[in-house]
Amino acid sequence: MKELPKRYDPHEAEPRWQKMWEDEGIYEIVPDEDSYTIDTPPPTVSGRMHIGHTSSYAQEDFYARFWRMKTGNVFYPFGTDDNGLPTERLVEKTKKVSSTKMSRKEFRELCHFTIKELLPEFVEDWKRIGMSCDFKTVYSTIDSNSQKISQHSFIDLYKKGLVHRKETPVAWCMTCQTAIAQAEFENKDLTSTFNDVIFKAGDEELIISTTRPEFIPACVALAAHPDDERYTHLKGKRITIPLYDYKVPVIFDKEVAIDKGTGLMMICTFGDKDDVEKWHRYNLDLRIIFTKDGKLNELAGDLEGLSIIDARKKILDTLKEKGHLVKQQPITHPVNVHERCGTGIEFLKSTQWFVKVLENKNKLLAAGKKINWHPAYMQVRYEHWVENLNWDWCISRQRYFGVPFPVWYDKRTGEPVIADESQLPVDPFVDKPKSVPESDWKHLVPEEDVMDTWATSSVTPQIALAMHGKQDLIPMSLRPQAHDIIRTWAFYTIVKSLFSKETIPWKDIAISGFVTDPKGHKMSKSKGNVVSPQDVMDKFSADSIRFWAAGAKLGDDIPYMEKDLVTGNKTLTKLWNASKFVIMNLDDYKGFNAKFEDLELMDRWILSKFNRLVKSSTDAFSAYDHSKVKFDVEQFFWNDFCDNYLEIVKGRLYDPKDTIEKTSAQYALSQVIEGILKLFAPIMPFITEEIYAMLPFENKTKSIHISSWPDFRKEWVDSEAELVGEDIVKAVQEVRKYKSANQLSMNAPVSMLRVLSEQDLTLAENDLIAVTKAESFDHELGEFKVDIE
């Protein structure tokens, strides 16, 4: 027999097996109608994998590996999200450049070069944690295939009247200098002041409470509730704006809160979405006081050229000096900021492209109900998002590095000219539309905006499948993702699939939680509680970090606690040592040809219990409950198999004779150890591969990960063996307690072992005597009790 290694070295084994999986194409398939297909989240190329990635991607990989073993047909692609604002920020930071100080062409080329430069090292982290994707076929959301699919989606929706272009107030980020969608809003609690400012209706002083005094020169109306008797006398009057000496009307609207501030509010163009809605509703004047880079313009008078913050400070000083500021009160209130940069969101009137989602809310809600959400309560988050949408989806961005719109404009009419689908992908700065004769090209101007990155990420099912020419295999089987992007990636993908394909994009969606520190706090660099997964894998292993990630249910946040990694390492060591013990004791095993009922009782006990474990684990994985699989398999392995069964059958295994009792134990060992490895394989793929390769069995597959998932076998259900076996185990445990209490070695004999049990323990008498070293054994029927002498 080949000598087995004394210990398992994950730092040597894990890269070796990762290389083997790639070299042998273990995870490569071309998807077909029967494939289990996964819409893998493409991580943003913006640095290195963080601990949150590690947890969520490990969890999705559990299901990829389970279904691969279960069906033999899993399509698990990998891609990277590397267009849009995050990539621009990365390139500007790493290359120390500014997109505004370079030509569009130069900056786009630099972005492409930088992504190509960073990608190999970036993807390596995902390989290192054991992702079982096909890394030979990888897409990028800015590659030619992705641009073609994204542009095709735009044209399809345009032809269906679901995309339109209009000039309207839009959410705007002054830092990023681009329009943004509602889904990119993030609430942030900020400190400010509530400022009571005097406006005048003739000689009457009116008090307006505002947190945005810099918007006074943008005021186009005052508003009060129609039932607020304090202000009904103002109907038809015009109010003078302090400092700027122009007059605005008073409107009465039921949405104005009587008990907020003084009950009288400014309507400005535009401070927030309420301003936008009332401006539309009452056809008010337009006074835009901001430039696109967040400076105030000439309408702001003395504030011209100042930033928003500086303008706020100056106007408050002026209002105070002129006697218009009567009161200030410090407050902390939630403010909408851009999730990408944390800048407060403003509203500017500009021309943008929109997808019509508001008029399709009911269809989108119905589509959400057709998808199986794991956990189920995450569906509520999706529904709340759809129900509370206020705007159509703005998909145009005033940036450089993104998928171009396949659009030109005729300078004579201003009308858009759309590319022919046969010429996709196109760059309107380079290409010309097929539908326009060359003589008229001089009348065309290209669309300068690019698509929102979500406009491309929302078609990842088609992008991934199109790599194999199978983009019609929708719905896919699974979308794994985190809960914070339900309102973006999940929602937008459902929109695109419903509008383009009239179907849902996937059958199931698995939502992962966040990783927190041990106290449940969000990890951030400023708090100093960030954990590097690369450092964790250096100290422990990829299998250990996956073992930790398996401990959290889908949807639940998971605290990072090193003790869980220590437990994972202990499990690896125990699995290695137990497997070595089994392999050494199968050296002379030649097979077992008898029936199940001919096995020794304790062998039937472990096989029956393992059989139940197979069923529960299969059901749990199928229901997207990996944490139950992890817990159940771990408990079975440590308690039933290692602590009890292996100890109980050692007497038979150590028998130098080739007895039927020994062969029976060897058969059970061979079945259970291979089965345990397979049940652990989706969670700990490296060590299970290492041990599987050592098993002395014929007809093995080249990898455990393309072997068959264990089947539930009806003939292995043996309730009698389980009942008897449980009392045998209880008796053994009582003897162990007795020896520990009396400071005896576990190999020390006991004179007499008397067991009362309602089960017939004589069916496993020899095993019980051998493991307890009982010199005399007596069994009687009755309520369980053990006497030891």
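Here the structure is shown first, and the text comes after it.
Now for a quick tour of the structure. (Residues numbered from 1 in each chain as written. Predicted model: local features only at pLDDT ≥ 70, side-chain atom pairs only at ≥ 80, totals over all residues. Heavy atoms only, no water.)

Take the sheet that holds strand β22 (residues 476-482) next. Taken in spatial order, the three strands line up as β15-β23-β22 in an open sheet, and their pairing is parallel. For this open sheet the edge positions go to β15 (372-374) and β22, each flanked by a neighbour on one side alone. Direction aside, neighbouring strands of the sheet carry axes that sit 20° apart on average. On the sheet, helix α12 (residues 486-501) packs against β15, β22 and β23 (506-512) and is oriented at approximately 160° with respect to β22. (Pairing = 2+ DSSP bridges. Helix = DSSP H or I, 4+ residues; strand = E, 2+ residues; numbered from the N terminus. Axes fitted to C-alpha atoms, helices over the stretch in contact; angles between N-to-C directions. Contact = heavy atoms within 4.5 Å.)

Regions of empty space are outlined by a rolling probe, equal in size to a water molecule, passed over the atoms. In total, this model carries four cavities of 30 Å³ or more according to the counting rule given. Taken as a whole, the largest cavity holds about 110 Å³ of empty space. Lining of the largest cavity is provided by 14 residues; of these, Gly84, Leu85, Arg397, Asp452 and Thr453 occupy positions nearest its centre. Those elements giving two or more residues to the lining of the largest cavity turn out to be α3 (85-95) and β21 (450-451). Roughly 60 Å³ of internal volume is contained in the second largest cavity. Lining the second largest cavity, in full, are Gln18, Trp21, Glu22, Gly25, Tyr27, Glu28, Cys133, Asp134, Phe135 and Lys136. (1 Å grid on protein atoms, 1.4 Å probe; cavity = no way out; pocket = protein on both sides within 12 Å on 5 of 7 lines; lining within 4 Å. Points joined across faces, edges and corners; volume = space filled by probe spheres on them.)

The residue histidine 705 is located in the loop between α19 (685-694) and α20 (719-741) in this model. Side-chain polar atoms of histidine 705 contact the side chain of arginine 65, separated by 3.3 Å. (Polar contact = N/O pair within 3.5 Å; in protein donor to acceptor, adjacent residues only side chain to side chain.)

Another aspect to go through is the environment of phenylalanine 641. Here phenylalanine 641 shows up in helix α17 (residues 626-653). For phenylalanine 641, a relative accessible area of 0% puts it in the buried group. A sequence separation of 372 residues divides phenylalanine 641 from threonine 269, and the C-alpha atoms of the two residues are 71 Å apart. The contact partners of phenylalanine 641, leaving out residues within four places of it in the chain, are Val582, Ile606, Phe636, Leu646, Leu669, Val672, Ile673 and Ile676. (Buried < 20%, exposed > 50% of the residue type's maximum accessible area, 1.4 Å probe, protein only.)

Our focus in this paragraph is the sheet that holds strand β19 (residues 416-418). If you trace the three strands from one edge of the open sheet to the other, you get β19-β18-β20, paired in antiparallel fashion. Where the open sheet ends on each side, the last strands, each with one partner, are β19 and β20 (444-446). Strand-to-strand, the axes of this sheet are offset by a mean angle of 40°, without reference to chain direction. Looking at chain direction, strand β18 (residues 407-410) and β20 are connected through three bridges and run antiparallel. The residue of β20 that forms the bridge with aspartate 410 is leucine 444.

Ranked by internal contacts, the top residues of the largest apolar core, which has 125 residues, are Phe641 and Tyr645. With 11 residues, α17 is the largest single contributor of residues to this core. Setting aside its immediate chain neighbours within four residues, tyrosine 645 contacts Met602, Asp603, Trp605, Ile606, Asp640, Ala665, Ala668 and Leu669. In this structure, Val436, Trp454, Ala466 and Leu498 belong to the second largest nonpolar core, which totals 66 residues. (Core = buried A, V, L, I, M, F, W, Y, C linked by side-chain atoms within 4.5 Å.)

Mapped onto the elements, tyrosine 409 comes out in strand β18. Of the residues examined, tyrosine 409 reaches a relative accessible area of 8% and is grouped as buried. Considered as a pair, tyrosine 409 and glutamate 447 are 38 residues apart in the sequence and their alpha carbons are 7.0 Å apart. Every residue in contact with tyrosine 409, bar those within four places of it in the chain, is listed here: Arg165, Trp353, Gly414, Glu415, Pro416, His443, Leu444, Val445 and Glu447. A polar contact of 2.9 Å, which involves the side chain of tyrosine 409, links it to the side chain of arginine 165.

Time to look at the side chain of aspartate 508. Relative to the helices and strands, aspartate 508 resides in strand β23. It is lysine 507 that comes nearest to the buried, bridge-free aspartate 508 among opposite-charge side chains, at 7.3 Å. The contact partners of aspartate 508, leaving out residues within four places of it in the chain, are Ile371, Asn372, His374, Ser477, Leu478, Arg479 and Tyr624. (Lys, Arg positive; Asp, Glu negative; His and termini not counted. Salt bridge = Lys/Arg side-chain N within 4 Å of Asp/Glu carboxyl O.)

Glancing now at the packing of aromatic side chains. Counted by the stated rule, this structure contains 37 aromatic pairs. For the pair phenylalanine 122 and tryptophan 126, a centre-to-centre distance of 4.7 Å together with 45° between the ring planes defines the contact as tilted. In this pair, phenylalanine 122 and tryptophan 126 are both assigned in helix α4 (residues 104-128), four residues apart and thus about one turn of the helix distant. Between the aromatic rings of tryptophan 548 and tyrosine 560, the centroid separation amounts to 5.6 Å while the plane-to-plane angle is 75°, which identifies the pairing as edge-to-face. Of this pair, tryptophan 548 sits in helix α14 (residues 542-549) while tyrosine 560 sits in the loop between β25 (558-559) and α15 (562-584), and the two are 12 residues apart along the sequence. (Phe/Tyr/Trp six-rings, centres within 6.5 Å; stacked < 30°, edge-to-face > 60°.)

As a further point, take the packing of α14 against α19. Running from N to C, α14 and α19 cross one another at 125°; their axes reach a closest spacing of 7 Å. Compared by their axis directions, α14 and α19 come out oblique. Contact residues: α14 offers Ala542, Asp543 and Arg546, while α19 offers Pro685, Phe686 and Ile687. Class assignment for the residues of the contact of α14 with α19 results in four nonpolar, no polar and two charged. (Parallel < 35°, antiparallel > 145°, perpendicular 65-115°, else oblique. Nonpolar A, V, L, I, M, F, W, Y, C, P; charged D, E, K, R; others polar.)

For the rest of this paragraph, the subject is unusual backbone geometry. Here the residue pair histidine 374 and proline 375 is connected by a cis peptide bond, since its omega of 0° sits within 30 degrees of zero. Cis rather than trans, the peptide bond between isoleucine 474 and proline 475 has omega equal to 15°. You can see proline 475 is positioned in the loop between α11 (460-466) and β22. In this structure, asparagine 699 takes a positive phi of about 65° despite not being glycine. By secondary structure assignment, the location of asparagine 699 is in the loop between α19 and α20.

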